[in-house]
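Remarks on the overall topology
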Amino acid sequence: MPSGQRQARVPGVVVQLDRGLPLVRLEDGRLLRCKHATALIKGEKIRAVIGDHVMVDALEDADNAQICEVLARTNEFVRRDPAERSASQTLAANFDTVIIAHPLAELNVRRLERELVLAHETGATVVVALTKADLADEGMARENEELVRGIVGPSNAVEVVSENDACSIEALRSHIPEGSVAVLIGRSGVGKSSLVNLLAGANVAATTPVRASDGKGRHTTVNRAIVPIGGGGFVVDMPGVRGMGLWESDAGIEAAFSDVAELAQQCRFRDCTHTNEPGCAVQDAVATGALHPRRLASYLHLVEENQAQREASEEAQRIRTRTGHPRRRG
Ligand code: GDP
Ligand code: ZN
């Protein structure tokens, strides 16, 4: 770094990642392409992600801006690859809401359950957007919406959206108030980028948008970015989030099904399976209509899946130890 140059340490937010290089918005609105300070990358290998609040050493010569500190995150969106448990990757930080985009006409209950766990694990508010509603006929739409409401429970919002229904987009927008950041997750092709574009409307600036249409209705992801939307909120599209398979997440299940977990504490038996035991507060709640049977089914399924996953990874660990190849990275 050339000496004698004036240097200021200023706060900013990472609004875009372009092949690992953060674009930071400073408080005065200036956008700076930054490198990571060597000290950050060397020691604990800290890398700033979308949404990170950072301190930047901004030289007058803006080409040499460096992130020198990543401030503590309020929450994180972490992608975990169940096949390789050591490899987890933080994709975004400091958001208020996770919007799960799931197609209304092609419900995949098992996948939705996992998306709920993943979303709730972050501690953010969770909203389910049932997309491409125009592709479902009326009967199916009603049935599927009710099913999803049953599964996600009364304390999470469910919005039925369609790109040609402006009201539905506004309803979704109302969950992203001024100054708040929403992360959009969901399988590829469910309509996430269409939602981002609709939410952003005319506010999409040249630096933010993320997709270019090839005229055939297909889109290409260029970057991951925080996109400002009308009304003062922000949206982050999480294209291609894989790793939606099994992983151990007691905390995520507890968070996604906090009502069931709470009821379970009142069961007569501590190890109640909530299936056929007497004095089961969970079954009682289903009987009185306080708990949707589909929600209980999802909870029980996830608990079982989680248990199977735990046993599988413990077994893998035992084999590694026995063969003298203890897991190195962790
Ligand atoms: P992403 O991969 O989740 O970002 O999905 P896209 O936004 O790229 O959408 C995938 C495809 O679904 C595209 O061909 C869109 O034109 C189409 N699509 C998106 N939203 C809607 C909708 O509300 N209705 C219908 N019929 N098609 C939609
Ligand atoms: Zn019980």
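In this text, all values refer to a predicted model and were calculated from it rather than measured experimentally. (Residues numbered from 1 in each chain as written. Chains lettered and ligands numbered in written order. Predicted model: local features only at pLDDT ≥ 70, side-chain atom pairs only at ≥ 80, totals over all residues. Heavy atoms only, no water.)

Quick word on the site of ligand 1
Put simply, the rule is: Only heavy atoms are used to decide nearness, and a residue is near a molecule or strand if one of them lies within 4 Å of it. Here a polar contact means two N or O atoms within 3.5 Å. Within protein one must be a hydrogen donor candidate and the other an acceptor candidate, and residues neighboring in sequence count only if both atoms are side-chain atoms. In these tables, accessible area is a Shrake-Rupley quantity obtained with a 1.4 Å probe, and a residue counts as shielded only by the protein chains included in the view. Note on conventions: DSSP H or I runs of at least 4 residues are helices, E runs of at least 2 residues are strands, and numbering of each starts at the N terminus. In this count, Pro and Cys sit with the nonpolar residues alongside Ala, Val, Leu, Ile, Met, Phe, Trp and Tyr, while Asp, Glu, Lys and Arg are called charged and the others, Gly among them, polar.
In the vicinity of ligand 1 there are 16 residues, among which Asp-134, Glu-163, Gly-189, Ser-193 and Ser-194 approach most closely. For ligand 1, an oxygen atom lies 3.3 Å from a polar atom in the backbone of Val-190. The protein chains hide 79% of the 580 Å² of surface that ligand 1 would expose on its own. The biggest single contributor to the shell around ligand 1 is helix 5 (residues 192-200), with three residues. A breakdown of the residues in the shell around ligand 1 according to their chemical character gives two nonpolar, eight polar and six charged.

Section: the coordination of the zinc ion (ligand 2)
Worth spelling out the cut-off: Counted as donors are N, O and S atoms no farther than 2.8 Å from the metal, or 3.2 Å for Na, K and Ca; water is not among the atoms, and sites may therefore look incomplete. Working rule for geometry: tetrahedral if four donors all subtend angles between 85 and 135 degrees; square planar for four, octahedral for six, if opposite donors exceed 155 degrees and the others stay between 65 and 115; irregular in every other situation.
Looking at the metal site, the zinc ion (ligand 2) is ligated by Cys-267 (SG), Cys-272 (SG), His-274 (ND1) and Cys-280 (SG), spaced 2.1 to 2.4 Å from it. One can describe the site at the zinc ion (ligand 2) as tetrahedral: its four donor atoms subtend angles covering 103 to 117 degrees at the metal. Within one chain, the residues serving as donors to the zinc ion (ligand 2) are arranged as C-x4-C-x1-H-x5-C.

With respect to the nonpolar core
Heads up, the condition is: Side-chain atoms within 4.5 Å link the members of a nonpolar core, which is a set of buried Ala, Val, Leu, Ile, Met, Phe, Trp, Tyr and Cys residues. Only protein chains enter the accessibility calculation, which uses a 1.4 Å probe; a residue whose area is less than 20% of its type maximum is buried, one above 50% is exposed, and one in between is partly exposed. Two residues qualify as a contact provided that any one of their heavy atoms is within 4.5 Å of a heavy atom in the partner residue.
Among the nonpolar cores identified, the biggest contains 35 residues, and Phe-77 and Val-128 are the most heavily contacted of them. Put simply, the parts of the chain that give this core at least two residues each are strand 1 (7-18), strand 8 (88-93), strand 9 (97-103), helix 2 (109-121), strand 10 (125-131), helix 3 (138-152), strand 12 (181-185) and strand 16 (234-237). Dropping the residues within four chain positions of it, Val-128 is found in contact with Ile-100, Leu-112, Leu-116, Val-148, Val-152, Ala-157, Val-158 and Glu-159. Listed in part, the 18 residues of the second largest apolar core include Ala-101, Ile-169, Ile-176 and Val-196.

Observations concerning the packing of aromatic side chains
As a reminder, the rule being used: Side-chain rings of Phe, Tyr and Trp, where Trp is taken by its six-membered ring, are said to pair if the distance between their centres is within 6.5 Å; with planes under 30 degrees apart they count as stacked, over 60 as edge-to-face, and otherwise as tilted.
Inspection of every chain in the model, using the stated rule, returns two aromatic pairs. Where Phe-257 meets Tyr-299, the ring centres are 5.7 Å apart and the plane angle is 55 degrees; that geometry is what we call tilted. Taken as a pair, Phe-257 in the loop between helix 6 (250-256) and helix 7 (258-264) and Tyr-299 in helix 9 (residues 293-322) lie far apart in primary sequence, 42 residues in all. The exposure classification of Phe-257 matches that of Tyr-299, with both residues buried.

Digging into helix 3
Formally: Each residue after the first adds 1.5 Å to the expected span of a helix.
Spanning 15 residues, helix 3 covers 21 Å between terminal C-alpha atoms, matching the ideal 21 Å at 1.5 Å per step. Elements that come into contact with the buried residues of helix 3 comprise helix 2, strand 10, strand 11 (157-160) and helix 9. The distance from a side-chain oxygen at the start of helix 3 to the backbone nitrogen of Gly-139 is 3.1 Å, and the residue carrying that oxygen is Asp-137. The first or second residue beyond helix 3 is Gly-153, which carries a positive phi of 85 degrees.

Some thoughts on the pairing of strand 2 (residues 21-26)
In plain terms, the rule: Two strands are counted as paired when DSSP detects at least two bridges linking them.
Where strand 2 meets strand 3 (residues 31-33), three bridges bridge the pair, whose relative direction is antiparallel. Paired with Arg-25 across the bridge in strand 3 is Leu-31. What sits between the antiparallel neighbours strand 2 and strand 3 is a turn of four residues, in which Gly-29 has the positive phi angle 95 degrees.

What about the environment of Gly-201?
Considering the arrangement of structural elements, one finds Gly-201 in the loop between helix 5 and strand 13 (211-213). Between the alpha carbons of Gly-201 and Pro-228 there is a distance of 9.5 Å; along the sequence they are 27 residues apart.

Structural notes on the confidence of the model for the chain
Going by this rule: The pLDDT score gives, residue by residue, the confidence of the prediction method on a 0 to 100 scale.
With 83% of its residues at a pLDDT of 70 or more, the chain shows a mean pLDDT of 85. Low confidence marks residues 203-222, where pLDDT is under 50. Its contacts with residues over four positions away, or in another chain, come to 30 contacts.

Let's talk about the pattern of salt bridges
Here is the rule: Any carboxyl oxygen of Asp or Glu within 4 Å of a side-chain nitrogen of Lys or Arg constitutes a salt bridge here.
One pass over the structure, following the stated rule, counts 15 salt bridges. Across the pair Glu-76 and Arg-73 runs a salt bridge whose closest N-O atoms are separated by 2.7 Å. Here Glu-76 falls in the partly exposed class, since its relative accessible area comes to 33%. Classification of Arg-73 by relative accessible area gives partly exposed; the value is 25%. Measuring nitrogen to oxygen at the nearest pair gives 3.2 Å for the salt bridge that ties Asp-250 to Arg-310. With Asp-250 in helix 6 and Arg-310 in helix 9, this pair connects stretches of sequence that are 60 residues apart. On the basis of relative accessible area, Arg-310 is assigned to the partly exposed category, the value being 22%.

Details of the environment of Ser-174
Assignment of secondary structure puts Ser-174 in the loop between helix 4 (166-173) and strand 12. Here Ser-174 falls in the exposed class, since its relative accessible area comes to 53%. Placed 57 residues apart in sequence, Ser-174 and Gly-231 show a C-alpha to C-alpha distance of 8.6 Å. Here the side chain of Ser-174 touches Ala-171 through a polar contact of 2.6 Å, landing on its backbone oxygen.

Looking at the packing of helix 2 against helix 9
Operational definition: A fitted line through C-alpha atoms serves as each axis, taken over the contacting stretch for helices, and the angle formed by two N-to-C directions is quoted from 0 to 180°. Under this scheme an angle from 65 to 115 degrees is roughly perpendicular, one under 35 degrees roughly parallel, and one over 145 degrees roughly antiparallel; angles in between are oblique.
Following both chains from N to C, one finds helix 2 and helix 9 inclined at 75 degrees, their axes separated by 11 Å at the closest point. With respect to each other, helix 2 and helix 9 are oriented roughly perpendicular. For the pair helix 2 and helix 9, contact is made by Val-109, Arg-110, Glu-113, Arg-114 and Val-117 and by Arg-294, Ser-298, His-301, Leu-302 and Glu-305, respectively. Residues that form the contact of helix 2 with helix 9 fall into these classes: three nonpolar, two polar and five charged.

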